[in-house]
Amino acid sequence: MALLILGLVLFLGVHTLTTMREARAAAIGRLGEGPYKGVYSLVSAIGLVLIVWGFGRYRSAGYIQVWDPPVAIFHPIALGLLWFAFVALAAAYAPPGKIKAVLRHPMLVAVKAWALS
């Protein structure tokens, strides 16, 4: 599990660096654009390898139950949210109509409803 977490920290950490514009510009100024991209790619690849390796070790060690959702609310709420997500997703590709007008960003609403379910 430690390898998986270390891989996630590396992979997500290096990708978070791109949102910090001043720190990213300073790193590019120190290293140059080419070497910065190389280090960025290398750290991302190492993080990805650690994620895959850590997940493989986790699966071979056995399943760890992190959270057990209550059965009473699982099916009705999840199915209702998934139905809503499918309708919103279909509305994203449909011509302008009432659903698009109400939701404004139907694909975003669909992804959020799916994630919540």
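Up top is the structure these notes are about.
As the structure is a prediction and not an experimental result, all values here were calculated from the model. (Residues numbered from 1 in each chain as written. Predicted model: local features only at pLDDT ≥ 70, side-chain atom pairs only at ≥ 80, totals over all residues. Heavy atoms only, no water.)

**Q** I tried to follow the overall build of the protein on my own but got confused; where do I start?
**A** Along the backbone of the protein there are 6 helices and 0 strands. The linear arrangement of helices and strands in the protein, starting from the amino end, is α-α-α-α-α-α. Considering only C-alpha atoms, the protein reaches an extent of 50 × 45 × 20 Å along its principal axes. Within the protein, the proportion of its 117 residues that are buried is 18%. Of the accessible surface of the protein, which amounts to about 8900 Å², a share of 74% is contributed by carbon and sulfur atoms. (Helix = DSSP H or I, 4+ residues; strand = E, 2+ residues; numbered from the N terminus. Buried < 20%, exposed > 50% of the residue type's maximum accessible area, 1.4 Å probe, protein only. Areas by Shrake-Rupley, 256 points an atom, 1.4 Å probe, with all protein chains shown as cover.)

**Q** Would you take a moment to explain helix H3 (residues 33-61) for this structure?
**A** Spacing of three or four residues puts side chains on the same side of an α-helix, whose turn is 3.6 residues. For H3, with 29 residues, the first-to-last C-alpha span of 42 Å sits near the 42 Å given by 1.5 Å per residue. Packing partners of the buried residues in H3 comprise helix H1 (2-17) and helix H2 (21-31). Looking at the residues trailing H3, positive phi occurs at Gly62, about 115 degrees. (Expected span 1.5 Å × (residues − 1). Contact = heavy atoms within 4.5 Å.)

**Q** I tried to follow the packing of aromatic side chains on my own but got confused; where do I start?
**A** What characterises a pair of aromatic rings is the spacing of the ring centres plus the angle enclosed by the ring planes. A complete count under the given rule lists 2 aromatic pairs for this structure. Here Tyr36 and Tyr40 contribute two aromatic rings whose centre-to-centre distance is 5.9 Å and whose plane-to-plane angle is 40 degrees, an arrangement assigned as tilted. Placement of the pair is Tyr36 and Tyr40 together in helix H3, with a separation of 4 residues, close to one helical turn. With relative accessibility at 18%, the residue Tyr40 sits in the buried group. When the ring of Phe55 is compared with that of Tyr58, the centres are 5.9 Å apart and the planes differ by 40 degrees; the resulting orientation is tilted. Of this pair, Phe55 and Tyr58 both sit in helix H3, 3 residues apart, which is roughly one turn of that helix. (Phe/Tyr/Trp six-rings, centres within 6.5 Å; stacked < 30°, edge-to-face > 60°.)

**Q** How should the pattern of salt bridges be read in this particular structure?
**A** Side-chain pairs of opposite charge can arise whenever the charged atoms involved come near each other. Taken as a whole, this structure holds 1 salt bridge when the rule is applied. With its nearest N and O atoms 3.2 Å apart, the salt bridge here joins Lys37 to Glu33. In this pair, Lys37 and Glu33 both sit in helix H3, 4 residues apart, roughly one turn of the helix. (Salt bridge = Lys/Arg side-chain N within 4 Å of Asp/Glu carboxyl O.)

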